[in-house]
Amino acid sequence: MTPNGTTTTARPPHPKRGPGPAQPGARRAPRIPGGALDARIPRVRVRIGSPTSLLAVIPGLLGFDPGHSFVVIGTELGTGHVRITLRYDVPDPRHSRVIDALARHAVGLLTAQGVTSAVAAGYGTDAAVAPVAAALREHANAAGIAVTELLRADNGRYWSYICRDPGCCPPAGTPFDITDHPAARALRAAGGRVLADRDALAVTVAATGGPLGAAMRRATRQYLAQAVRCATRLDRAGMHVALPRLTATLGKVAVLGAIERYRAADAVPAEDAAWLTVALGQVRVRDEAWARMDPGHQGAHLRLWTDLTRLARPGFVAAPASLLAFVAWQAGDGALANVALDRALADNARYSMALLLREALDSGAPPSMARLPMTPEEVEAAYDAAEAAEDAAEAAVPAGEAGRK
């Protein structure tokens, strides 16, 4: 089996449309623990020809030690190429509806893209993993998907729910060590990092603390106050400019400059980062930055948005974290995309870009669907037209009406 990418027929997110409202009277499905497309696409091909090699590849696919996870890998029949990797937290065995929902979700994503062969591995005790394994096999069989291997790994041993031959699959389990396995070595040589767990991955995008965090709080407040003072002075001079438009006009230049600096292997000084996060709070600035996320500069963009996500203070995290999620998805790193979305939605649970991206990732959409919504020129023209229409509407309001507003 060869990790080669992911494919799906899921609908791509529309840049201007959010998730639809729940239908009246519809039953809410139980929450499925963990992320679905919580994996990444390795940049190297490795062969999986045994249970041990499967267990050796999974940490590289996720980017972290799987811990208490249930991992489902959809493969191409015949070639064994990986089509999609799904990771879930192992649910409480007492929650049968959640277990069934997890299995249905995994099989639904596999079916949507025509996958007819899969392997899976659960990490934990038999009491925790066996119900999930049984549910997956039941739904996979009903969907015509062959589960060719289904393992449980715990404390350095693995068991197979497929093989019942005690000669090769003893009841006491089979010891395994993936530390120096050729598949694991190949992924490490290709630059794939494997962190201790998913929490360790989340730490890489967590808020900066200490003196730098305190300085960012002060600088953010100062830039907000400066923008208000500037708008007030312009208003007194007879040049009325709404504060959001002023922030967007000035901030766009700074953000586009930051993109160019990171592409040139440079970075912005920490003291400038506060103004960048304030500017990104304006949707126009965020959209113009989004439209410039050329895949040819993924490394630079990942550094930029990681830095700003970590430096942003509460209330200003959602935009850079959503941009980081988009670039991570674009780069094939679903795990990083999901932890970035966790940060964005913790900052603003209704942030539309983050909700759209989460919907796309949960549907199993591959990196090939991480397309730019518009060109920079189209974004600029659309916002310029909207502002011109707004100005014309205000100019058309009679003086008396304007005063009452």
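About the cut-offs
Residues numbered from 1 in each chain as written. Predicted model: local features only at pLDDT ≥ 70, side-chain atom pairs only at ≥ 80, totals over all residues. Heavy atoms only, no water. Helix = DSSP H or I, 4+ residues; strand = E, 2+ residues; numbered from the N terminus. Buried < 20%, exposed > 50% of the residue type's maximum accessible area, 1.4 Å probe, protein only. Contact = heavy atoms within 4.5 Å. Areas by Shrake-Rupley, 256 points an atom, 1.4 Å probe, with all protein chains shown as cover. Pairing = 2+ DSSP bridges. Right-handed = clockwise from strand over helix to strand, strands pointing away. Phe/Tyr/Trp six-rings, centres within 6.5 Å; stacked < 30°, edge-to-face > 60°. pLDDT = per-residue confidence, 0-100. Core = buried A, V, L, I, M, F, W, Y, C linked by side-chain atoms within 4.5 Å. Salt bridge = Lys/Arg side-chain N within 4 Å of Asp/Glu carboxyl O.

1. Section: the overall build of the chain
Argument step 1. Check the secondary structure of the chain and you find 15 helices and 7 strands.
Argument step 2. Looking at the chain as a whole, 47% of its 405 residues qualify as buried.
Argument step 3. For the chain, the share of sequence-separated contacts (at least 6 apart) that also reach a separation of at least 24 residues comes to 72%.
Argument step 4. In the form shown here, the chain has an accessible surface area of approximately 19,000 Å², with 56% of it arising from carbon and sulfur atoms.

2. Digging into the side chain of Arg284
Argument step 1. Relative to the helices and strands, Arg284 is located in helix H9 (residues 283-290).
Argument step 2. Exposure remark for Arg284: the relative accessible area of 10% places this residue in the buried category.

3. A word on helix H8 (residues 270-280)
Argument step 1. Of all 11 residues making up H8, 8 are buried, and the element is well covered by its neighbours.
Argument step 2. Among all positions in H8, only Ala273, Ala274, Trp275, Leu276, Thr277, Val278, Ala279 and Leu280 are buried.
Argument step 3. Residues of H8 that are buried in the fold lie against helix H6 (210-236), helix H7 (243-263), H9, helix H10 (298-311) and helix H11 (318-330).

4. Here we look at the pairing of strand E5 (residues 146-154)
Argument step 1. As defined by bridge partners, strand E4 (residues 117-123) adjoins E5 across 7 bridges and the pair is classed as parallel. Its bridge partner being in E5, Ala118 is matched across the sheet by Val147.
Argument step 2. In this fold, E4 hands off to helix H3 (residues 126-142), which returns the chain to E5; that crossover is right-handed.
Argument step 3. Counted along the chain from E5 to the antiparallel partner strand E6 (residues 157-160), the turn is 2 residues long, and its residue Asn155 has a positive phi close to 55°.

5. Digging into the packing of aromatic side chains
Argument step 1. In the structure shown here, the tally under the stated rule is 4 aromatic pairs.
Argument step 2. Taken together, a centroid distance of 6.0 Å and an interplanar angle of 55° make the contact between Tyr158 and Phe176 tilted. Taken together, the positions of Tyr158 in strand E6 and Phe176 in the loop between strand E7 (174-175) and helix H4 (182-189) put the pair 18 residues apart, joining distant regions of the chain. Residues Tyr158 and Phe176 agree in their burial class; the two are buried.
Argument step 3. Taking 6.3 Å as the distance between ring centres and 85° as the angle between the ring planes, the aromatic pair formed by Phe326 and Trp329 counts as edge-to-face. Residue Phe326 and its partner Trp329 are located together in helix H11, separated by 3 residues, close to a single helical turn.
Argument step 4. In this structure Phe326 comes out as buried when scored by relative accessible area, which is 1%.
Argument step 5. The buried category is assigned to Trp329, whose relative accessible area is 2%.

6. Some words on unusual backbone geometry
Argument step 1. Of note in the backbone geometry, Asn155 takes a positive phi value of approximately 55° without being a glycine.
Argument step 2. With respect to the secondary-structure elements, Asn155 resides in the loop between E5 and E6.
Argument step 3. By relative accessible area, Asn155 is classed as exposed at 73%.
Argument step 4. Even without glycine at this site, Ala265 takes up a positive phi of about 65°.
Argument step 5. Residue placement: Ala265 occurs in the loop between H7 and H8.
Argument step 6. On the accessibility criterion, Ala265 (67% relative accessible area) is exposed.

7. Topic: the confidence of the model for the chain
Argument step 1. For the chain, mean pLDDT is 84; residues scoring 70 or higher make up 85% of the total.
Argument step 2. Within the chain, no element has a lower average pLDDT than strand E1 (residues 2-3), which sits at 34, and none a higher one than H3, at 98.
Argument step 3. This model gives residues 1-29 a pLDDT under 50, and the stretch forms 69 contacts once residues within four places in sequence are excluded.

8. A few points about the nonpolar core
Argument step 1. Residues Phe70, Val255, Leu280, Trp305, Phe326 and Trp329 are the most contacted members of the largest nonpolar core, which totals 102 residues.
Argument step 2. Ranked by residue count, the leading element in this core is H11, at 10 residues.

9. A word on the environment of Leu77
Argument step 1. Tracing the backbone shows Leu77 in the loop between strand E2 (69-75) and strand E3 (81-89).
Argument step 2. Look at Leu77 and you get exposed, because its relative accessible area is 68%.
Argument step 3. On a C-alpha basis, the gap between Leu77 and Ala118 in space is 8.8 Å, while along the polypeptide they are 41 residues apart.
Argument step 4. What Leu77 contacts, discounting residues up to four positions off in sequence, is Thr116 and Ser117.

10. A word on the environment of Ala349
Argument step 1. Looking at where Ala349 falls in the secondary structure, it is placed in the loop between helix H12 (334-347) and helix H13 (352-362).
Argument step 2. A relative accessible area of 55% means that Ala349 is categorised as exposed.
Argument step 3. For the pair Ala349 and Ala318, spaced 31 residues apart in sequence, the C-alpha separation works out to 9.0 Å.

11. Remarks on the pattern of salt bridges
Argument step 1. For the coordinates displayed, the defined rule picks out 17 salt bridges.
Argument step 2. When the shortest N-O distance is used, the salt bridge between Arg152 and Asp126 registers 3.9 Å. Here Asp126 lies in helix H3 and Arg152 lies in strand E5, a separation of 26 residues in the sequence.
Argument step 3. The class for Arg152 is buried, based on a relative accessible area of 8%.
Argument step 4. The closest approach of N and O atoms between Glu288 and Arg284, which form a salt bridge, is 3.0 Å. You can see Glu288 and its partner Arg284 sitting in helix H9, 4 residues apart, about one turn around the helix.
Argument step 5. Several salt bridges converge on common partners, so that one network encompasses Asp38, Arg87, Asp89, Arg198, Asp342 and Arg358.

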